[in-house]
Amino acid sequence: MTTHTLVINCGSSSLKFALINAHTQDTTLTGLAEKLGMAGACITFKQAGQKVELTLAQGDHAGAMKAILSYLDERALTGSITAIGHRVVHGGENFHASTLIDDSVLAAIEDCARLAPLHNPANLLGIRTAQACFPGLPQVAVFDTAFHQTMPQHAYLYAVPMALYREHGVRRYGFHGTSHRFVAGEAAAMLGLPLHNSAIVSAHLGNGASVAAILNGQSVDTSMGLTPLEGLVMGTRSGDIDPGLFGYLASALNTDVDGITSLLNKQSGLLGLSELSSDCRELEEAAANGHAGAIIAMEVFCYRLAKQIAAMVVALGRIDVLLFTGGIGENSPFVRANVLGKLAFLGFQLDAAANDAAFRGKSGRISHADSTAAVVINTNEELMIALDTAALTQGK
């Protein structure tokens, strides 16, 4: 009988899910429940090219999970589910790998909520809701931060009093680890490069964006830090700023820390620079039509990205391949060409035709064969979660 892993990515007002056969790596079903806890809660199922949209009478996470269960029952899929894998944003220093969920794991995830107050409580809600709906199935937590736990101290420590690290966990953790881990393996396989003897810079570029230095298959540095605000310019996040900006803005705007944090997370980045949009596609089009804000937003985005990629080479000591992934990384020939142009000193020579062809799901090499390798890789975090879950639950 065909067996499936149910993958769940639970947010505060949404629940993304996928039903995946970990053995064949085929996705049978995907879906998204939105506006949970609000008016107009709904759920969408996508299967075999067909889309079904339903209004949720019980518009909370439990109602969404019940709708998923009902949909699976109607299509005789429930019995094929052998395990459930959950995306969990923050595992702190407790978790270096994916793990089977028990009471002690739940307690540790809850303890990490202080480091990810917008994410971990929602992740916990998804786990507990799934446990109630599927009480007999093993469940696995896959952490965004786990992959980066191999970073050395000199990469993850901030230059602040060590007591803040010891007593409050103040350090760089990094995120997007599940994606970085997946695409690094895919890039190595594509190029025939032994992962255990490789130096890869991975650029995960979407509304949230980060780069990672991956040496011999392990993360040795990354651009995000204690929170997903550090690092690159993103859709609405500022990325790196002078910490003194907090004090300056508190006085200039007569606001508090929460107000400034919200401004840096929700009103900054591409949106703040362009005063137009946080969507890279819209900004590229506007820039091509001469919109001054869009032009400067894209210039800053690409410059900061190239600078951060070059910095990651310091952590690696060399670079064998630069990979682009995520919504922007997979679909923006403009960004890739701009960045590789700035990194020509590292040996990159763009293959313009290959770069233009790498779009809407097409991956491949975008640099000339005799230059440093640059590739586009389609990420699949849900598959990575399914594979980890299957590996941990076989025989359970």
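Residues numbered from 1 in each chain as written. Predicted model: local features only at pLDDT ≥ 70, side-chain atom pairs only at ≥ 80, totals over all residues. Heavy atoms only, no water.

1. Some words on the overall build of the chain
Stage number 1. The helix and strand tally for the chain stands at 15 helices and 14 strands.
Stage number 2. Relative to its length of 396 residues, the chain is compact, with a C-alpha radius of gyration of 21 Å against a globular reference of 21 Å.
Stage number 3. Judged by the C-alpha coordinates and their principal axes, the chain covers about 55 × 55 × 45 Å.
Stage number 4. Roughly 17,400 Å² of accessible area belongs to the chain as shown, and the carbon and sulfur atoms make up 53% of that amount.
Stage number 5. For the chain, the distance from the average site of its 25 positive side-chain charges to the average site of its 34 negative ones is 2 Å. (Helix = DSSP H or I, 4+ residues; strand = E, 2+ residues; numbered from the N terminus. Rg over C-alpha atoms; globule rule 2.2 N^0.38 Å. Areas by Shrake-Rupley, 256 points an atom, 1.4 Å probe, with all protein chains shown as cover. Lys, Arg positive; Asp, Glu negative; His and termini not counted. Charge placed at Lys NZ, Arg CZ, Asp CG, Glu CD.)

2. Comments concerning helix 15 (residues 381–393)
Stage number 1. For helix 15, which comprises 13 residues, the first-to-last C-alpha distance of 18 Å matches the rise-based estimate of 18 Å (1.5 Å per residue) to within 8%.
Stage number 2. When we look at burial in helix 15, the residues that qualify are Leu383, Met384, Ile385, Ala386, Asp388, Thr389, Ala390 and Thr393.
Stage number 3. Structurally, helix 15 contributes buried residues whose contacts are with strand 1 (4–10), strand 2 (15–21), strand 6 (81–88), strand 7 (99–100), strand 8 (139–143) and helix 6 (177–191). (Expected span 1.5 Å × (residues − 1). Buried < 20%, exposed > 50% of the residue type's maximum accessible area, 1.4 Å probe, protein only. Contact = heavy atoms within 4.5 Å.)

3. A closer look at the sheet that holds strand 10 (residues 209–215)
Stage number 1. One open sheet holds the six strands; their spatial order is 11-10-9-12-14-13, and the pairing between them is mixed. Looking at strand neighbours, the two that pair on one side only are strand 11 (218–222) and strand 13 (364–365), the edges of this open sheet.
Stage number 2. Relative to strand 14 (residues 373–376), strand 12 (residues 321–325) runs parallel, the two sharing four bridges. Looking at strand 14, one finds that Leu322 is bridged to Ala374. (Pairing = 2+ DSSP bridges.)

4. Thoughts on the sheet that holds strand 4 (residues 42–47)
Stage number 1. Pairing is mixed in the open sheet, where eight strands are placed in the order 5-4-3-2-1-6-8-7. If you trace the sheet from one side to the other, it starts and ends with strand 5 (50–55) and strand 7, each paired once.
Stage number 2. Inspection of the sheet shows strand 7 paired to strand 8 by two bridges, in the antiparallel sense. What sits directly across from Leu100, in strand 8, is Val140.
Stage number 3. Seen against the sheet, helix 1 (residues 61–74) touches strand 1, strand 2, strand 3 (26–34), strand 4, strand 5 and strand 6 and runs at an angle of roughly 30° to strand 4. (Axes fitted to C-alpha atoms, helices over the stretch in contact; angles between N-to-C directions.)

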